[in-house]
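Listed below are the residues making up each chain.
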Amino acid sequence: MTSSSAGLPTLDPENPFSAARWETPHALPPFERIRPEHYLPAFEAAIAAHEAEIAAIAKDPAAPDFDNTVAAMERAGLALDRVAGVFYNLTGSHTNPELQAIERTVGPKLARHGSAIYLNADLWARIAAIPSDGLGDEERRVLERYRTRFRRAGADLAPEAKARMAEIAARMSELGTRFSQNLLADESRFVLPLDGEDDLAGLPPFLRAAAASAAQERGGEHGHVVTLSRSLIEPFLVFSTRRDLRERAYEAWIRRGESGAETDNRVIIREIVQLRAERARLLGYQSFAHYKLDDTMAASPEAATALLTEVWAPAQKRAGAERDRLQAIIAAEGGNFALQAHDWRHYAEKLRRAEHDLDEGEVKAYLPLDGMIQAAFDTAARLFGLAFEELADVPRYHPDVRVWRVTNRDGSEVGLFLGDYFARASKRSGAWMSAFRSQERLNGPVTPIIVNVMNFAKAPPGEAALLSFDDARTLFHEFGHALHGLLSDVTYPLLAGTAVSGDFVELPSQLYEHWLEQPEVLRAHARHHRTGEPMPEALLTKLLAARTFNQGFATVEYTASAIVDMTLHLSNAGEGGLDVLDFETEALKRIAMPAEIGMRHRSPHFAHIFSGDGYAAGYYSYLWSEVLDADAFDAFREAGDIFHPETAARLRRYVYGAGNLRDPRDAYTLFRGRLPSTGPLLKKRGLAA
């Protein structure tokens with residue numbers, strides 16, 4: 001890296017990030033040419049360029065107006081957005097020790113850079129002075145969001161408090177990175193070998209094949225292994241008849257992040273909670289939860305807690321009835337033991353077979369991955385007029401990644417969609433949507449490049465990857481997020497795609513799940529992976545009849561995690577030498593958590609809330625958005641057509657395409673005509689009286 005005549009660092013022309021535009025198909029990142037050593041120089045040059053742009057805006061002698069201040073900020077930092085977009089997508093989906101070392105270095109630098117912008121007194125004075133009279137609706141919204149962001153970052157604080165806010169931001173970046181890397185290390189390190197038929201007892205062919213594929217991925221030392229990928233460990237807990245192996249696998253799954261060794265996350269959590277509480281107090285809030293929810297649809301912890309409480313009671317009652325039925329099966333089989341958490345899924349599957357005559361292995365045969373991808377695409381085509389063309393000769397960051405060009409009905413470009421579906425050791429667990437490039441028109445037109453990342457079990461060569469119904473629901477969920485990014489139709493980058501309130505962002509994803517459960521969609525796309533025959537009508541009927549089966553368990557494991565998250569961030573527990581496991585135990589005791597059910601995410605591996613601030617004091621948002629999505633899908637039912645054109649057009653205009661153009665309550669009301677109640681949610685989960 002050298003210096004330019006203006007004193008700014010410039011990149012070696014051999015560095016792929018030196019190009020103003022990538023001359024690749026669809027301007028995709030040239031993944032095959034980007035090496036780890038390219039990132040740090042690219043970050044340093046991009047940060048320096050952005051600093052210069054911000055300084056020019058802050059010191060502009062002209063009177064502040066929207067174009068020379070806010071729009072100028074929206075035009076700045078494009079190089080930084082580009083390098084960060086590539087880097088942070090790969091650190092989640094295809095990392096290595098070199099990238100992890102860079103992540104530990106660059107995270108605090110980016111945090112300090114962001115703090116320097118939002119705590120810049122000259123810049124804040126200009127933004128605060130801009131008159132809103134005469135601005136268009138979108139410009140007023142951008143100005144309002146910038147003012148909110150600056151205030152919430154500490155722009156109004158005294159100099160000493162501003163300095164402390166910057167220190168907290170940098171330290172939080174370090175801690176979040178360490179938390180994520182510790183978790184990935186624990187997940188990557190564990191394997192449960194399955195040696196011989198005794199260890200494989202009860203496992204159906206699809207699961208044996210997935211365990212064999214995982215063994216090959218891990219070097220082939222064993223014929224079959226179970227890893228901590230959810231799409232492998234959960235079916236193992238369902239089907240294995242070896243109770244001792246189920247217990248070993250389950251214990252490893254729930255103990256991620258608390259090994260007592262160098263990857264233990266408990267001390268990290270203590271400091272994160274303490275720093276979040278301190279930041280909230282500096283900004284004048286009672287707790288971090290009050291700070292976080294002040295800029296959400298719920299608006300207060302009390303509102304979010306009221307929803308969690310309303311759902312908890314019927315879920316707990318339903319789970320108790322489910323537990324009793326599972327214990328009865330154990331007794332009927334002659335088992336002389338009490339149901340434990342590592343038993344629940346196994347006996348729930350037996351109960352499901354007894355009550356609904358439904359075998360998950362039989363269902364999976366009709367849910368091949370390719371068929372479910374096509375189902376998600378076809379739904380988008382019928383709702384929004386989209387078309388998907390798979391591209392072969394384009395850059396990709398891993399051979400498993402697939403790429404589609406997305407267009408509107410008239411052939412106009414929407415963007416690119418990348419699908420990265422299979423688990424591997426270089427990928428963190430879970431499923432998510434992200435963007436390599438977001439939609440906007442200010443610097444464009446710029447079309448988005450959106451990626452869905454999953455962790456499905458990979459089938460052996462020549463075999464189809466088969467999904468459980470829950471896996472298929474995850475695919476639809478993440479594709480709903482992808483559509484939120486793809487269909488974005490705004491001018492300003494700040495408002496684009498999923499950049500919405502935390503408890504509104506799950507509406508597009510959870511709403512999209514509803515179409516998977518429609519007979520019309522399943523009849524068209526649930527086809528046997530070998531014969532192509534459609535799912536038999538009797539099996540389809542049984543599958544849909546079982547939709548609310550085990551919902552007491554599912555609701556309790558989720559809601560318990562949301563309650564612990566909210567309780568932790570309402571407290572000042574970090575100040576007194578927090579023992580997060582003791583705190584968790586006490587919080588669960590207060591709500592009478594059933595002993596036979598574990599939290600969906602225990603604190604030491606709760607990446608949603610500790611890898612970053614995104615869902616901290618915000619895990620409730622899945623349930624908040626579910627109130628919206630259950631009511632929103634009723635709009636199609638009431639219209640008498642699950643693809644009703646006028647309803648779909650409103651949905652695209654006010655939800656999927658609108659980004660953060662307006663307050664989420666206004667956006668939902670424009671789509672639905674009113675705000676929702678919890679009734680449809682309780683009915684959907686089978687919890688209504």
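Look a little higher up for the structure.
These numbers were taken from a predicted model, which means no experiment stands behind them. (Residues numbered from 1 in each chain as written. Predicted model: local features only at pLDDT ≥ 70, side-chain atom pairs only at ≥ 80, totals over all residues. Heavy atoms only, no water.)

A. Fine view of the overall build of the protein. Helix and strand content of the protein: 27 helices and nine strands. Classification of the 689 residues of the protein by burial places 57% in the buried group. Considering only residue pairs separated by 6 or more positions, the protein has 74% of its internal contacts joining residues 24 or more positions apart. Between the mean site of the 78 positive side-chain charges and the mean site of the 96 negative ones, the protein shows a separation of 2 Å. (Helix = DSSP H or I, 4+ residues; strand = E, 2+ residues; numbered from the N terminus. Buried < 20%, exposed > 50% of the residue type's maximum accessible area, 1.4 Å probe, protein only. Contact = heavy atoms within 4.5 Å. Lys, Arg positive; Asp, Glu negative; His and termini not counted. Charge placed at Lys NZ, Arg CZ, Asp CG, Glu CD.)

B. Molecular detail of helix H5 (residues 121-129). Buried residues of H5: Leu123, Trp124, Arg126 and Ile127, and no others. When H5 is viewed along its axis, its buried side chains cluster within an angular range of 160° and face the same direction. Where H5 is buried, its residues contact helix H1 (39-58), helix H2 (66-75), helix H4 (97-118) and helix H6 (137-153). Of the residues that open H5, the one with a side-chain oxygen 3.0 Å from the backbone nitrogen of Asp122 is Asn120. (Arc of directions from axis to C-beta. Polar contact = N/O pair within 3.5 Å; in protein donor to acceptor, adjacent residues only side chain to side chain.)

C. Molecular detail of helix H25 (residues 645-656). Looking at H25, one finds that the buried residues are Thr647, Ala648, Leu651, Tyr654, Val655 and Tyr656. The arc that holds the buried residues of H25, viewed along the axis, is 155°, so those residues lie on one side. Structural note: H25 exposes Pro645 and Arg653 on the side pointing more than 90 degrees away from its buried face.

D. Fine view of the side chain of Ser625. Mapped onto the elements, Ser625 comes out in helix H24 (residues 621-639). What Ser625 contacts, discounting residues up to four positions off in sequence, is Asp503, Phe504, Val505, Glu506, Leu507 and Gln510.

E. Here's a closer look at the packing of H4 against helix H7 (residues 159-189). At their nearest, the axes of H4 and H7 sit 8 Å apart, and the two run at 155° to each other. Overall, the two elements H4 and H7 adopt an arrangement that is roughly antiparallel. As for how H4 packs across H7, the hand of that crossing is right-handed. Only Met165, Ala166, Ala169, Ala170, Ser173, Glu174, Thr177, Gln181 and Leu184 of H7 make contact with H4, whose side of the interface consists of Gln100, Glu103, Arg104, Gly107, Pro108, Ala111, Arg112 and Ser115. (Axes fitted to C-alpha atoms, helices over the stretch in contact; angles between N-to-C directions. Parallel < 35°, antiparallel > 145°, perpendicular 65-115°, else oblique. Left-handed = near helix turned anticlockwise from the far one by under 90°.)

F. Quick look at the environment of Ala457. In this structure, Ala457 sits in the loop between strand E9 (449-456) and helix H17 (469-486). Counting along the chain gives 228 residues from Ala457 to Ser229, while the straight-line C-alpha distance between them is 7.9 Å. Dropping the residues within four chain positions of it, Ala457 is found in contact with Ala210, Ser231, Phe422 and Ala465.

G. Seen up close, the packing of aromatic side chains. Evaluated as defined, the whole model comprises 38 aromatic pairs. Residues Phe31 and Phe436 carry aromatic rings whose centres are separated by 5.3 Å and whose planes lie at 70° to one another, so their mutual orientation is edge-to-face. With Phe31 in the loop between strand E2 (9-10) and H1 and Phe436 in strand E8 (residues 432-437), this residue pair connects regions lying 405 residues apart in the sequence. The same class applies to Phe31 and to Phe436, which are both buried. Each member of the aromatic cluster is reached from another via a ring pair, and the members are Phe377, Phe388, Trp404, Phe417, Phe476, Phe479, Tyr512, Trp515, Phe633 and Phe636. Above the ring of Trp253, the side-chain terminus of Arg256 is found at 3.7 Å from the ring centroid. A cation over an aromatic ring shows up here: Arg276 above the ring of Phe288, its NZ or CZ 5.4 Å from the ring centre. (Phe/Tyr/Trp six-rings, centres within 6.5 Å; stacked < 30°, edge-to-face > 60°. Lys NZ or Arg CZ within 6 Å of the ring centre and 35° of its normal.)

H. Main features of the packing of H25 against helix H26 (residues 664-672). It is the contact of H25 with H26, at a shortest axis distance of 9 Å, that shows an interaxial angle of 165°. The angle between H25 and H26 places the two elements in the roughly antiparallel class. Crossing hand, H25 versus H26: right-handed. Residues Thr647, Arg650, Leu651, Tyr654 and Val655 of H25 form the contact with H26, whose own contacting residues are Ala667, Leu670 and Phe671.

I. Up close: the environment of Gly223. With respect to the helices and strands, Gly223 occurs in the loop between helix H8 (205-217) and strand E4 (225-226). As for Gly223 and Ser625, which are separated by 402 residues in sequence, their C-alpha atoms are 43 Å apart. Filtering out sequence-adjacent residues up to four positions away, Gly223 remains in contact with Ala211, Ala212 and Ala215.

J. Structural detail: the sheet that holds strand E5 (residues 387-391). Read from one edge to the other, the open sheet built from five strands follows the order E5-E6-E7-E9-E8, with strand pairing classed as mixed. Of all the strands in the sheet, the pair left with one neighbour each is E5 and E8. Taking the axes of each pair of neighbouring strands and ignoring which way they run, one obtains an average angle of 25° across the sheet. In this structure, E5 lies alongside strand E6 (residues 402-407), joined through five bridges in antiparallel fashion. Paired with Glu390 across the two strands is Trp404, which belongs to E6. Contacting strand E7 (413-422), E8 and E9, helix H3 (residues 78-93) runs over the sheet at an angle of about 150° to E8. H17 contacts E5, E6, E7, E8 and E9 of the sheet and is inclined by roughly 165° relative to E9. (Pairing = 2+ DSSP bridges.)

K. Structural detail: the pattern of salt bridges. Across all of its chains, the model carries 65 salt bridges by this definition. Taking the shortest distance from any N to any O, the salt bridge between Asp264 and Arg266 comes out at 2.7 Å. With a relative accessible area of 15%, Asp264 lands in the buried category. In this structure, Arg402 and Asp370 form a salt bridge, with 2.8 Å as the shortest nitrogen-oxygen distance. With Arg402 in strand E6 and Asp370 in helix H16 (residues 369-384), this pair connects stretches of sequence that are 32 residues apart. Here Arg402 falls in the partly exposed class, since its relative accessible area comes to 22%. (Salt bridge = Lys/Arg side-chain N within 4 Å of Asp/Glu carboxyl O.)

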